[in-house]
Amino acid sequence: MANNVKKILNPPAGEIGLHQVRKNLHLIHQALGLPDSLAQALEELDAMAENETRGSSWAIDTSVSADSRMHGYINDHPAWAAMLVCNEGNRTVMLLQHRLLEALVDPKSIDFKSHDVAGFGRLIRKCGKDQSLTLPPKQTVTLATVESMELPDTEIADALRFLKVLDGEKVVRRGAHTKNPHHRTSSPREGITRGRFGNLVELLPPDEEDPGAHPGILEFFPHESLAFRPPAGLAHGEDHPADQILILLEKLQGQSIEIKTARQKSESARAILARVNAALPLTYSQLTDSELQKIWQLAKQLRQKQKTKFIGIALVLMLATSTKIEDLGEMCLADAQSASENLSFDEEKNVFLVPRIRPEYRTPEPAPVTVKMAKHILYSSPSVEIPNVLLQPSEVVEFIRHVAATNPEQLKKSVKSALSTLNSTRITCAKISRCLFEIARSSFDPVIVQTTFGIRVPSANTPQFYSAVSDRDVAICFFDSLNQLLQRLDEQPIWPLQIKHSGFFAARHVPTTDEMAAVIQAIAEDAQHFQPGSVEWHNANTLLAILVQSICTSVRGVFDPLVEIDQESGFLFFRDKDKPDYSHARFQPVHPLAIKISDFYCGVRRATFAKIGLQKNGVAYFSFFRGEGGRIISPNPKNIESHLRHYTRWPLNSNRKFLKNKLRNLGVDADAINVAMNHHSQGEAMWDQFSTTDPVIVKKQLLKAFDEIIDELGIQEEWFDVV
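A short tour of the structure in this document, coming up. (Residues numbered from 1 in each chain as written. Predicted model: local features only at pLDDT ≥ 70, side-chain atom pairs only at ≥ 80, totals over all residues. Heavy atoms only, no water.)

1. Topic: the overall build of the chain
Next, step 1: If you tally the helices and strands in the chain, you get 26 helices and 14 strands.
Next, step 2: Among the 723 residues that make up the chain, the fraction classed as buried is 54%.
Next, step 3: For the chain, long-range pairs separated by at least 24 residues make up 70% of all intrachain contacts whose partners lie at least 6 apart in sequence. (Helix = DSSP H or I, 4+ residues; strand = E, 2+ residues; numbered from the N terminus. Buried < 20%, exposed > 50% of the residue type's maximum accessible area, 1.4 Å probe, protein only. Contact = heavy atoms within 4.5 Å.)

2. Some remarks on the pattern of salt bridges
Two side chains with opposite charge may pair up if their charged atoms get near one another.
Next, step 1: Taken as a whole and assessed by the stated rule, the structure comprises 18 salt bridges.
Next, step 2: Note that Arg-22 and Asp-46 form a salt bridge whose closest N and O atoms lie 2.9 Å from each other. Of the two residues, Arg-22 sits in helix 2 (residues 18-31) while Asp-46 sits in helix 3 (residues 36-51), which places them 24 residues apart along the sequence. Like Arg-22, the residue Asp-46 is buried in the burial classification.
Next, step 3: When the shortest N-O distance is used, the salt bridge between Glu-398 and Lys-309 registers 2.8 Å. Here Glu-398 is found in helix 15 (residues 393-404), whereas its partner Lys-309 is found in helix 13 (residues 309-321), with 89 residues between them in sequence.
Next, step 4: Through salt bridges with shared partners, a single network forms among Arg-434, Glu-438 and Arg-441. (Salt bridge = Lys/Arg side-chain N within 4 Å of Asp/Glu carboxyl O.)

3. What to know about the sheet that holds strand 8 (residues 383-387)
Picture the strands of a sheet paired through backbone hydrogen bonds; they go either parallel or antiparallel.
Next, step 1: An order of 5-6-7-8 is seen for the four strands of this open sheet, with the pairing classed as mixed. Of all strands in the sheet, those bounded by a partner on one side alone are strand 5 (332-333) and strand 8. (Pairing = 2+ DSSP bridges.)

4. Some words on the pairing of strand 7 (residues 351-355)
Next, step 1: The buried fraction of strand 7 is high, at five of five residues.
Next, step 2: Where burial is concerned, the two faces of strand 7 agree: the one with Val-351, Leu-353 and Pro-355 and the one with Phe-352 and Val-354 are both buried.
Next, step 3: Taken together, the three bridges between strand 6 (residues 344-346) and strand 7 define a ladder with antiparallel strand orientation. Paired with Asp-346 across the strands is Val-351, a residue of strand 7.
Next, step 4: Between strand 6 and strand 7, which pair antiparallel in sequence order, lie four residues; one of them, Asn-350, sits at a positive phi of approximately 60 degrees.
Next, step 5: Inspection of the sheet shows strand 7 paired to strand 8 by five bridges, in the antiparallel sense.

5. Observations regarding the packing of helix 12 (residues 289-303) against helix 13
When two helices pack together, their arrangement is given by the angle between the helix axes and by the axis-to-axis distance.
Next, step 1: Taken N-terminus to C-terminus, the directions of helix 12 and helix 13 make an angle of 145 degrees; their axes are 7 Å apart at the nearest point. For helix 12 against helix 13, the interelement crossing comes out left-handed. Every residue of helix 13 that contacts helix 12 at Leu-292, Ile-295, Trp-296, Leu-298, Ala-299, Leu-302 and Arg-303 is listed here: Lys-309, Ile-311, Gly-312, Ile-313, Leu-315, Val-316 and Leu-319.
Next, step 2: Here the residues of the contact of helix 12 with helix 13 are counted per class, giving eleven nonpolar, one polar and two charged. (Axes fitted to C-alpha atoms, helices over the stretch in contact; angles between N-to-C directions. Left-handed = near helix turned anticlockwise from the far one by under 90°. Nonpolar A, V, L, I, M, F, W, Y, C, P; charged D, E, K, R; others polar.)

6. Regarding the packing of helix 24 (residues 654-665) against helix 26 (residues 695-712)
Next, step 1: Interhelical geometry of helix 24 versus helix 26 gives an angle of 115 degrees and a closest axis separation of 10 Å. In terms of orientation, helix 24 lies roughly perpendicular with respect to helix 26. As helix 24 packs across helix 26, the resulting crossing turns out to be right-handed. Contacts between helix 24 and helix 26 pair Phe-658, Leu-659, Lys-662 and Leu-663 from the former with Leu-702, Ala-705, Phe-706, Ile-709 and Glu-712 from the latter.
Next, step 2: Its residues assigned to classes, the contact of helix 24 with helix 26 shows seven nonpolar, no polar and two charged. (Parallel < 35°, antiparallel > 145°, perpendicular 65-115°, else oblique.)

7. Here's the deal with empty space enclosed by the protein
Next, step 1: Under the definition given, this model contains six cavities of 30 Å³ or more.
Next, step 2: Its volume calculated, the second largest cavity comes out at about 120 Å³.
Next, step 3: Along its surface, the second largest cavity is lined by 13 residues, and Ile-357, Pro-359, Val-447, Thr-451 and Phe-505 are the ones closest to its centre.
Next, step 4: Contributions of two or more residues to the lining of the second largest cavity are made by helix 18 (446-453) and strand 10 (504-506).
Next, step 5: Take the lining of the second largest cavity: its biggest share by element is three residues, from helix 18.
Next, step 6: Grouping the constituent residues of the lining of the second largest cavity by class yields seven nonpolar, four polar and two charged. (1 Å grid on protein atoms, 1.4 Å probe; cavity = no way out; pocket = protein on both sides within 12 Å on 5 of 7 lines; lining within 4 Å. Points joined across faces, edges and corners; volume = space filled by probe spheres on them.)

8. Things to note about helix 20 (residues 513-529)
Next, step 1: Taking 1.5 Å of rise per residue, the 17 residues of helix 20 would be expected to cover 24 Å, and the 24 Å separating its terminal C-alpha atoms lies within 8% of that figure.
Next, step 2: Restricting attention to buried positions, one finds in helix 20 the residues Thr-513, Glu-515, Met-516, Ala-517, Val-519, Ile-520, Ile-523, Ala-524 and Ala-527.
Next, step 3: Where the residues of helix 20 are buried, they touch helix 21 (535-553), helix 23 (637-644), helix 24 and helix 26. (Expected span 1.5 Å × (residues − 1).)

9. Observations concerning helix 26
Next, step 1: Taking 1.5 Å of rise per residue, the 18 residues of helix 26 would be expected to cover 26 Å, and the 26 Å separating its terminal C-alpha atoms lies within 8% of that figure.
Next, step 2: Regarding helix 26, the residues found buried are Val-698, Leu-702, Leu-703, Ala-705, Phe-706, Ile-709 and Ile-710.
Next, step 3: Following helix 26 by one or two positions, Gly-714 has its phi on the positive side, about 70 degrees.

10. Some thoughts on the side chain of His-538
Next, step 1: With respect to the secondary-structure elements, His-538 resides in helix 21.
Next, step 2: When its relative accessible area of 0% is taken as the criterion, His-538 is described as buried.

11. Let's talk about the packing of aromatic side chains
Next, step 1: Going through the model one piece at a time under the given rule, you end up with nine aromatic pairs.
Next, step 2: Pairing Phe-600 with Phe-720 gives two aromatic rings, centres 5.4 Å apart and planes at 80 degrees, and the pair type is edge-to-face. One end of the pair, Phe-600, is in helix 22 (residues 592-612); the other, Phe-720, is in the segment after helix 26, and 120 residues separate them in sequence.
Next, step 3: Owing to a relative accessible area of 2%, Phe-600 belongs among the buried residues under this scheme. (Phe/Tyr/Trp six-rings, centres within 6.5 Å; stacked < 30°, edge-to-face > 60°.)

12. Re the environment of Glu-147
Next, step 1: Position of Glu-147 among the secondary structure elements: in helix 8 (residues 143-147).
Next, step 2: Overall, Glu-147 belongs to the exposed group, its relative accessible area being 52%.
Next, step 3: Distance from Glu-147 to Leu-160, taken between C-alpha atoms, is 7.4 Å for residues 13 residues apart in sequence.

13. A closer look at the side chain of Glu-291
Next, step 1: With respect to the secondary-structure elements, Glu-291 resides in helix 12.
Next, step 2: Excluding its chain neighbours within four sequence positions, the residues that come into contact with Glu-291 are Ser-424, Arg-426 and Ile-427.

In structure tokens, the structure reads:
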């Protein structure tokens, strides 16, 4: 990172909103001027922007507030957060930002504390949200002008403290308060409760109204400081399924203490979760056609009467958005300046805004990586849009205003009372709110479903760190699932005139086909260019073999990144994590190119051994790199990435992210993709007792897809002719 940028503006890792900060600084420079050191910082930002592309993480997005984009980073990077507020057309924000910048480079400002800047930055962010907060005309930023602004006393005091320090006045500061970074509020729709020692994630919600329903299941994720770190090279969540901490939620009455104790074990929860995941279309949570039609007719009747219309609207909203009755009481109108943690409604667009479930990484956003897809990433968007097609916009607005003035418990009681007239213990609020979501789960990739509805899907826990879901995927998932529901309700299907595609809700560093092809071609050219037997030749061919074979095997590269294949059985059995006892072993269909690469690398090994006079059993691993003086270097992730850095700045795991999304885009079933990626929730693995996955179909799908991927990447079999 450039020196002046880091010293003065102190951006977070990944430089969130870099293009917005650049634009703000340019506007300030043109209107008010900047000191030399800040002008140099602006030049450094321009140079960074020319050399790197960070997609929406850097992009200008005035629809998302600085508070949302800098969530979790503001306290540590207050100046950058303040400069992220758009100042175009807002004189007050521009003047406040200019005053802040002057103070940051003032050599006399040695007494500034981080929370002094944070207090003034809070004022800037507040003025960015509320256009009515303005400074008096033709006035500069002084104690008097800021004090005249209509703000709460505490916010005025924080902003004034900054100006007083700048003027050399003595100030009184509160003592430091250490806040637990893990102590956050719960996210009801997402089904996550954040606590001091970890997070509880709702995998299967309980249905308290139905005595025959399965109990609820939670998974506990301890905070990193309390948990064992996975081996290097493994993505977040890629632990062994048996390592999951599952908690069963059910009422135990009239049972012996032995049964109570046993039911608290994860094994019981594991078995229930396995059965549900393995038979999604047959899940007990699904309502029958007859039950759905009863609910639909009831909703129609209730909406016709003024006294009960809000109960009917609530039933339609639960069906159309998969929202719990408890969360409908917190529903609100969309605010362009801030994101809601609950479902909201944009009357102008006639869409519901569903809060996004974002992957929670262990580390901050890393340094920029040039990825074309990143130009279209919607990563900073806090919500997903799903259209309102079953209600009039005015009905939704009226409902929101009604529940805002009503006790949420009263709405729940009224809905349950109306459902009781159907005389069925199976028709519950929980099943109604899960209906559309469960239909989608039985037909679509779990990450697409989780993104569309903002509800946790157990099968998406790990794949979400690999997936790039487009807004087109979201629209298709929603409309297809909705039309399945309408068909069961004997209603006409609804399709939009067109389905737009403007970007992706993506994980970090998902390369495109062109980018992956360019890297492979560059490595292949070097491998053929170097003198056979040389250190450079060996290392280039080792890297090429590892990268290309990983396209056919999705090997993680933690234990040994290159798989030695000594038989053509049609299926490959290998381990690619840790533990020499093969406790993390897996098997999958093997592509002929993977076998050819294995044979090719055996020849590379022989040539290298002959060159340096080393015996075959002198190296403990199949693949290896060479260092100065013929030194043997292990193929661990760190060493692989050091060689990969000559061609790209992608993390090593990006090849698996590319493969995951490419397989899905080629129409490969989610079960087959899970086999290739070794991503399985309970009950989904091909060898699990509850699984209905056919290995023959999986093999046909994967091998056909691998052929297409190899062709698109321009991989040539001649590269791997035996040495």
